[in-house]
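Chain by chain, the residues run as shown.
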Amino acid sequence: MPENATPPSRGPRRRGLARGAGAVGLVLGMSGMLFTVNARSAGADDARHPQDLQELTQQQAATVERLSAEVDELRAEVEALTAEQNALAGRPEVDPDPGEVVAAGSSPVTGRGLVVSLDDAPVDTRRDDVNADLLVVHQQDIQSVMNALWAGGAEAMGLMDQRVVSTTGVQCQGNVLRLHGRMYSPPFVITVVGDPGQLRNALGEDPAVRSYVRDAGELGLGWEVEDRDSVELPAYSGATELSWAQVPDDVEVLPGLPAPAPTVPTDGGDDAKAGGPQPAAPLVTVPSSAPAGRRL
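The structure displayed is predicted, hence computed values, not measured ones.

*Asks:* I'd like a description of helix H6 (residues 207-219), backed by residues and values.
*Replies:* Note that an α-helix has 3.6 residues per turn; residues three or four places apart therefore point the same way. For H6, spanning 13 residues, the distance from its first C-alpha to its last is 18 Å, which sits close to the expected 18 Å at 1.5 Å a residue. Looking at H6, one finds that the buried residues are Ala-208, Val-209, Ser-211, Tyr-212, Asp-215, Ala-216 and Leu-219. Viewed end-on, H6 has its buried residues packed into an arc of 155°, placing them on one side of the element. Where H6 is buried, its residues contact strand E1 (109-119), helix H4 (139-151), helix H5 (196-205) and strand E8 (222-233). Its side-chain oxygen 3.0 Å from the backbone nitrogen of Ala-208, Asp-206 forms the N-cap of H6. Directly after H6, the chain includes Gly-220, whose backbone phi takes a positive value near 90°.

Structure, rendered in structure tokens:
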């Protein structure tokens, strides 16, 4: 290089490097801020988005309980408004029959009765030579006890903390009971209002219940029956409408009532005037009997 030559300037390049480093730092800073925001959002969303089946079940059960409470409030409001409208219209107030109120489950009930508890066999008492299905409480076990109690003259019944009504369905998923949208683990407690002596006799005479009691003695299943001078059952909370129902062919609907006389059309005139043959009467749900035993 000549002695009098001027060295090239490095200022613009250094400024370009500085601007590039600043941009990279800005991007890294924004990325860190986004990671932080996402982490906080994920932590806040844990309550809204359960991470496993147990959390989801607990969340759904809490939702059902909250909605049931809202239904109770709305039902009470509807009944109050209906009574007010009837009073303004001059309609006489009609008191429902107490027996119908109890049967419908629309009112709490208190009286003498029984408390029956069924439970799985303890884990430490299980044996390899026994089928594991025999060591847990099944859906048919609960149904057998409930059917026997109804046959023994139960006036009202509750399962766990809920009232049993005509539309109640008992469903087990594994060893978990699903009832009116809520999930329950054993022990399963059935509370009944009625004569304790008659109820005990009905349990002792039922073949399916006797089979369960035999397994309880041999395999360690939980079985306890306790007389109570006073038990309390809550009113039913939930919908009672049936989506559909069908009666089995071998089941008589409302036995004892005279069957309606068949309509015989005369010269086709009756059906023609009525627009063709008339549909049959609505069907109702009739509970089926429980199996005689629980051996699997």
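*Asks:* Got a sec to walk through the sheet that holds E1? Specific residues and values, please.
*Replies:* Spatially, E3-E2-E7-E1-E8 is the arrangement adopted by the five strands of the open sheet, whose pairing is antiparallel. In this open sheet, the two strands that pair with only one neighbour each are strand E3 (162-163) and E8. Here E1 runs beside strand E7 (residues 188-193); their pairing, made up of six bridges, is antiparallel. Looking at E7, one finds that Leu-118 is bridged to Phe-188. Set on the sheet, H5 makes contact with E1, E7 and E8; between it and E1 the angle comes to about 30°. Taken strand by strand, H6 contacts E1 and E8, and its axis lies near 120° from that of E8.

*Asks:* Which residues make up the pattern of salt bridges, and what values do they have?
*Replies:* Applying the stated criterion across every chain yields a total of three salt bridges. Close ionic contact of Arg-228 with Glu-226 constitutes a salt bridge, the shortest N to O distance being 3.2 Å. Judged by its relative accessible area of 33%, Glu-226 falls in the partly exposed class.

*Asks:* So what about the nonpolar core? Which residues, and what values?
*Replies:* In a soluble, globular protein the nonpolar side chains are often hidden away together inside. Membership of the largest hydrophobic core comes to 32 residues, with the highest contact counts inside it found for Ile-142, Leu-149, Leu-159, Leu-177 and Ile-190. The set of elements that each furnish at least two residues to this core consists of E1, H4, strand E2 (156-159), strand E5 (176-179), E7, H5 and H6. Here this core takes five residues from H4, the largest share from any one element. With sequence-adjacent residues up to four places away left out, Leu-149 is seen in contact with Leu-114, Val-116, Ala-154, Met-157, Ile-190, Val-192, Leu-199 and Leu-203. Grouped together as the second largest cluster of nonpolar side chains are six residues, Val-109, Val-193, Val-231 and Leu-233 included.

The rules we used
Residues numbered from 1 in each chain as written. Predicted model: local features only at pLDDT ≥ 70, side-chain atom pairs only at ≥ 80, totals over all residues. Heavy atoms only, no water. Helix = DSSP H or I, 4+ residues; strand = E, 2+ residues; numbered from the N terminus. Expected span 1.5 Å × (residues − 1). Buried < 20%, exposed > 50% of the residue type's maximum accessible area, 1.4 Å probe, protein only. Arc of directions from axis to C-beta. Contact = heavy atoms within 4.5 Å. Polar contact = N/O pair within 3.5 Å; in protein donor to acceptor, adjacent residues only side chain to side chain. Pairing = 2+ DSSP bridges. Axes fitted to C-alpha atoms, helices over the stretch in contact; angles between N-to-C directions. Salt bridge = Lys/Arg side-chain N within 4 Å of Asp/Glu carboxyl O. Core = buried A, V, L, I, M, F, W, Y, C linked by side-chain atoms within 4.5 Å.

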